[in-house]
Amino acid sequence: MSQYGLNAVPAGYADWLTELKQRIHAAQQRATLAVNRELILLYWQIGQGILERQASQGWGSKVVEALARDLRNAFPDMKGFSPRNLKYMRAFAQAWPDGEFVQGVLAQLPWYHQVALLDTLQTVEERQWYAAQAIENAWSRNVLVMQIESGLRQRTGAAITNFSQCLPQPQSDLARESLKDPYRLDFLGLGKETQERAIEDALVKHVPRFLMELGAGFAFVGRQVHVEVGDKDFYIDLLFYHLKLRCYVVVELKAGEFQPEYAGKLNFYLSAVDSQLRHPTDNPSLGLLLCKSWDKVVG
């Protein structure tokens, strides 16, 4: 045990702790910005590649579907390769033809911010203005959309401010949102889902034994099965079909103890499977939630 109690610390300790916290926050932000820059540039390059090949070689829209399928097969842990997101990458590259500007300036904003700029604005000038404001004021995506919808540019003037190269304040909306950005976490293979993916990997490697444990009649459909609901992409951990019960079985994996919201997410997936995959002759889908532990009071 430390020789200093909770309330007895040496002189200067509080100042040193404050300094360390600031350094840690700054390091987090620098690392986040560096990863985001690589991800945004990758998405721009993919979009640029699609544009070039469609223009020079006459590739049609079907290539996006094929590319999405093949990239998801090659990188099953990355959730940014849906057909819808690839189309956004193409639109992103088309809207911003200057790759250096994308990497040096726009890469300060997460991908969801980029999508919001594409969805809500029509001209380069508007997008540049709101991008600059989002960087300068460290807006979250929701605040960015709200400012666009309220016509902030028309109300305050259209002059473009300089794009700031400063790190957003750790307590700002942009900083918090950047650290939790799901596309970036998947790009790194990190985040709170990492442990759950390890469990999923172990289950998939031992699918025959896992099926025997569940009982006869289970057929393995796939892992990280993509469903699209309301123009958003979702991925089911494991999906089975039961030959005797004639229904799909959705398996949701959670590395921690049971939380009530897990059941809500499972029900959401069941509804998606029933509406998109279930055949009219199939029975309603069943759900299986696998957690590390279960609290009888909560459960």
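Residues numbered from 1 in each chain as written. Predicted model: local features only at pLDDT ≥ 70, side-chain atom pairs only at ≥ 80, totals over all residues. Heavy atoms only, no water.

Could you give an account of the confidence of the model for the chain, naming the residues involved and the relevant values?
Reading predicted coordinates in detail is not appropriate for stretches of low pLDDT. Considering every residue of the chain, the mean pLDDT works out to 79; 75% of them sit at 70 or more. When mean pLDDT is compared element by element in the chain, helix α3 (residues 83-95) scores highest at 93, while helix α9 (residues 173-179) scores lowest at 56. Across residues 295-299, confidence stays below pLDDT 50; counting only partners more than four residues off in sequence or on other chains, it has 4 contacts. (pLDDT = per-residue confidence, 0-100. Helix = DSSP H or I, 4+ residues; strand = E, 2+ residues; numbered from the N terminus. Contact = heavy atoms within 4.5 Å.)

Please provide a residue-by-residue account of the side chain of Q147, values included.
Structurally, Q147 can be placed in helix α7 (residues 141-149). The residues contacting Q147, other than those within four sequence positions of it, are Y130, W139, L152 and R155.

I'd like to hear about the packing of α3 against helix α5 (residues 111-120), residue by residue, with values.
Where α3 contacts α5, the two axes come as close as 10 Å, and the packing angle between them is 70°. Classified by the angle their axes make, α3 and α5 are roughly perpendicular. For the pair formed by α3 and α5, the contact residues are N85, Y88, M89, A91, F92 and A95 on the first element and W111, Q114, V115, L118 and D119 on the second. Considered class by class, the residues forming the contact of α3 with α5 number 8 nonpolar, 2 polar and 1 charged. (Axes fitted to C-alpha atoms, helices over the stretch in contact; angles between N-to-C directions. Parallel < 35°, antiparallel > 145°, perpendicular 65-115°, else oblique. Nonpolar A, V, L, I, M, F, W, Y, C, P; charged D, E, K, R; others polar.)

Tell me about helix α13 (residues 260-276), and name the residues and values.
With 17 residues, α13 extends 25 Å from end C-alpha to end C-alpha; this agrees with the ideal 24 Å at 1.5 Å per step. Along α13, the positions that sit buried rather than exposed are Y262, L266, Y269, L270, A272 and V273. Down the axis, α13 shows its buried residues gathered within 165° of arc, on one side only. Relative to its buried face, α13 has exposed residues pointing more than 90 degrees away, namely E261 and S275. (Expected span 1.5 Å × (residues − 1). Buried < 20%, exposed > 50% of the residue type's maximum accessible area, 1.4 Å probe, protein only. Arc of directions from axis to C-beta.)

Now, about the environment of K254: what can you tell me, with residues and values included?
Along the polypeptide, K254 turns up in strand β3 (residues 247-257). Overall, the relative accessible area of 10% leaves K254 in the buried class. When the C-alpha positions of K254 and L290 are compared, they lie 6.1 Å apart, and in sequence the two are 36 residues distant.

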